[in-house]
Amino acid sequence: MSETSWRAVDAFLSGRLCPDDDAVLMARERARAAGLPDIEVSVSQAQLLALLCQMTGAKRILEFGTLFGYSAITMARAIGEEADITTFEIDEVHAKVARENFEAVGVAGQIELVEGVAADNARALIDSGAEPFDLVFIDADKPNNPIYVEAAIELAHPGTLIVVDNIVRDGAVIDPDPADEKAVGARAAVDLIAEHPRLEATGIQTVGTKGWDGFLLARVSS
Ligand SMILES: C[S@@+](CC[C@H](N)C(=O)[O-])C[C@H]1O[C@@H](n2cnc3c(N)ncnc32)[C@H](O)[C@@H]1O
């Protein structure tokens, strides 16, 4: 099966199952106009995040990697008024566009964007004794995935869901010594989660509009 077919099937399924949201389309257009990269989650993955929030009743969300706010907006809209989302972003242009999008879409009151180095900001949250999060979405710089997973566990309660995106990387994750540092980060996240006594997890391989990749889904058990 060719990559063209994966993309066509993904477009068909998301077109049929994930209704267009004008607010989100506007946010994406604003990001493209500002020259932001096309690296947000796919429409199907965004819908999966929305469903995970709804199925688990998650309200407090921590996100590593905001970009223009697509995944954060999608989760905020899925949860509604009670959404309490903290999202980390290092790039000041991305942060500015995301903040504008949160205002434009009407979710600024539910999302706090914390600008700066995600690892430092996560440590600050831990040190401040922040309330645990119900769902953590890890989608920032991939080499730091192990740091983010460790931080997520420290900021979790039993039942917290941790989603780590982009862990297959065109299959590079099965290379025990990958050349690409992003694949090293993906592999390290798999190893850490596999061996962690407080986590039960699975890895889902995906093909679609974003090529061949996948994500890890882990639940904090205790
Ligand atoms: C893949 S994008 C996030 C996409 C977003 N989650 C979505 O699907 O809509 C990754 C983002 O992480 C940010 N980032 C990269 N390294 C970071 C770091 N060390 N701390 C915080 N943010 C970082 C990038 O600037 C980029 O905006």
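All values reported here derive from a predicted model rather than from experimental measurement.

What counts and what doesn't
- Residues numbered from 1 in each chain as written.
- Predicted model: local features only at pLDDT ≥ 70, side-chain atom pairs only at ≥ 80, totals over all residues.
- Axes fitted to C-alpha atoms, helices over the stretch in contact; angles between N-to-C directions.
- Helix = DSSP H or I, 4+ residues; strand = E, 2+ residues; numbered from the N terminus.
- Parallel < 35°, antiparallel > 145°, perpendicular 65-115°, else oblique.
- Left-handed = near helix turned anticlockwise from the far one by under 90°.
- Contact = placed C-beta atoms within 7 Å.
- Nonpolar A, V, L, I, M, F, W, Y, C, P; charged D, E, K, R; others polar.
- Buried ≥ 20, exposed ≤ 12 C-beta atoms within 10 Å, placed from the backbone.
- Right-handed = clockwise from strand over helix to strand, strands pointing away.
- Pairing = 2+ DSSP bridges.
- Near = placed C-beta within 6 Å.
- pLDDT = per-residue confidence, 0-100.
- Core = buried A, V, L, I, M, F, W, Y, C linked by C-beta atoms within 7 Å.

### Digging into the packing of helix H2 (residues 22-33) against helix H5 (residues 92-105)
Logical step 1: Where H2 contacts H5, the axes come no closer than 10 Å and their chain directions differ by 155°. One finds that H2 runs roughly antiparallel with respect to H5. Of the two possible hands of crossing, H2 and H5 adopt the one that is right-handed. Note on element contacts: H5 touches H2 through Val97, Glu100, Asn101, Ala104 and Val105, opposite Ala23, Met26, Ala27, Arg30 and Ala31.
Logical step 2: Classifying every residue of the contact of H2 with H5 gives 7 nonpolar, 1 polar and 2 charged.

### Regarding the pairing of strand S5 (residues 156-165)
Logical step 1: Counting buried residues in S5 gives 7 out of 10 residues, a clear majority hidden from the surface.
Logical step 2: Remark: the strand S4 (residues 133-138)/helix H7 (residues 145-154)/S5 crossover connection has right-handed handedness.
Logical step 3: As paired elements, S5 and strand S7 (residues 211-220) share 5 bridges and run antiparallel to each other. When the sheet's bridge partners are listed, valine 164 is paired in S7 with leucine 216.

### Focus: the site of the ligand
Logical step 1: Taken together, 18 residues are adjacent to the ligand, and Gly65, Tyr70, Ile90, Ala118 and Asp141 come closest.
Logical step 2: At the level of elements, helix H4 (70-79) and strand S2 (84-89) are the ones that each hand at least two residues to the shell around the ligand.
Logical step 3: Across the shell around the ligand, the residue classes break down as 9 nonpolar, 4 polar and 5 charged.

### Remarks on the confidence of the model for the protein chain
Logical step 1: The pLDDT averaged across the protein chain works out to 96; a share of 100% of its residues lies at or above 70.
Logical step 2: The secondary-structure element of the protein chain with the lowest mean pLDDT is helix H1 (residues 3-17), recorded at 93, while S2 shows the highest, at 99.
Logical step 3: Quick note on the complex model: pTM equals 0.98, ipTM equals 0.99.

### So, the sheet that holds strand S6 (residues 199-208)
Logical step 1: Read from one edge to the other, the open sheet built from 7 strands follows the order S3-S2-S1-S4-S5-S7-S6, with strand pairing classed as mixed. Taken across any chain shown, the strands that pair with only one partner, and hence form the sheet edges, are strand S3 (111-115) and S6. Neighbour-to-neighbour, the strand axes of this sheet turn through a mean angle of 15°, independent of strand direction.
Logical step 2: Relative to S2, strand S1 (residues 60-64) is paired through 5 bridges, and the arrangement is parallel. Note that in S2 the partner of glutamate 63 across the bridge is threonine 87.
Logical step 3: Against the sheet, H7 engages S1, S4, S5 and S7, with an angle of about 160° to S5.

### Brief notes about H4
Logical step 1: Extensive coverage of H4 is indicated by the burial of 8 of its 10 residues.
Logical step 2: For H4, the full list of buried residues reads Tyr70, Ser71, Ala72, Ile73, Thr74, Met75, Ala76 and Ile79.

### Digging into the nonpolar core
Logical step 1: Core analysis: the largest hydrophobic core is formed by 63 residues, its most contacted members being Ile138, Tyr148, Ala152 and Ile162.
Logical step 2: Apart from the residues lying within four places of it in its own chain, the contact partners of alanine 152 are Leu62, Val136, Ile138 and Ile162.

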